[in-house]
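Remarks on the overall topology
Now for the letters of each chain:
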Amino acid sequence: PKALYLALEAYKDVNREVIFVGNVDPDACHMALKDLDLKKTLVCVVSKSGNTLETSTNEAFARSFFEKKGLDSNLHFIDITGEGSPMD
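Just so it is clear, the model here is predicted, and its values are computed rather than measured. (Residues numbered from 1 in each chain as written. Predicted model: local features only at pLDDT ≥ 70, side-chain atom pairs only at ≥ 80, totals over all residues. Heavy atoms only, no water.)

This brings us to helix α3 (residues 53-68). Between its terminal C-alpha atoms α3 stretches 22 Å, which fits the 22 Å expected from 16 residues at 1.5 Å a residue. All buried positions along α3 are accounted for by T55, N58, E59, A62, R63, F65 and F66. Around the axis of α3, the buried residues are gathered within 155 degrees of arc, so they sit on the same side. Structural note: α3 exposes L53 and K68 on the side pointing more than 90 degrees away from its buried face. The secondary structure elements touched by the buried residues of α3 are α2 (26-33), β1 (43-47) and β2 (77-81). Immediately downstream of α3, the backbone of G70 shows phi near 85 degrees, a positive value. (Helix = DSSP H or I, 4+ residues; strand = E, 2+ residues; numbered from the N terminus. Expected span 1.5 Å × (residues − 1). Buried < 20%, exposed > 50% of the residue type's maximum accessible area, 1.4 Å probe, protein only. Arc of directions from axis to C-beta. Contact = heavy atoms within 4.5 Å.)

Structure, rendered in structure tokens:
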């Protein structure tokens, strides 16, 4: 996803910010989320297989972060995965 984003960066909307979290360090995930307006934030969870532990760990942390702020994480999260995967 990040490589695709960088390839198309010339076409980005300057009024939107894209942040990538690529590891299971909860501090990295927290730092990515802490200053955002979560009411306007969409989290895209990307996993080809749909069962990668690191991806699942980051998703659980981020969902918990939203819920602790009183938001329904189901309204702010989408999954991008292979057809037939556990996330499909």
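Here we come to the nonpolar core. In terms of nonpolar packing, the biggest core is built from 11 residues, these being C29, L33, L38, V43, V45, A62, F65, F66, L71, F77 and M87. Of all the elements in the fold, those that place two or more residues in this core are α2, β1 and α3. Those residues in contact with C29 that sit more than four places away from it in its chain are V21, N58, F61 and A62. (Core = buried A, V, L, I, M, F, W, Y, C linked by side-chain atoms within 4.5 Å.)

Moving on, we get to the pairing of β2. Sheet topology places β1 next to β2; five bridges connect them, and they run parallel. Bridge pairing in β2 places V43 opposite F77. After leaving β1, the chain enters α3 and then returns to the sheet as β2, a path that is right-handed. (Pairing = 2+ DSSP bridges. Right-handed = clockwise from strand over helix to strand, strands pointing away.)

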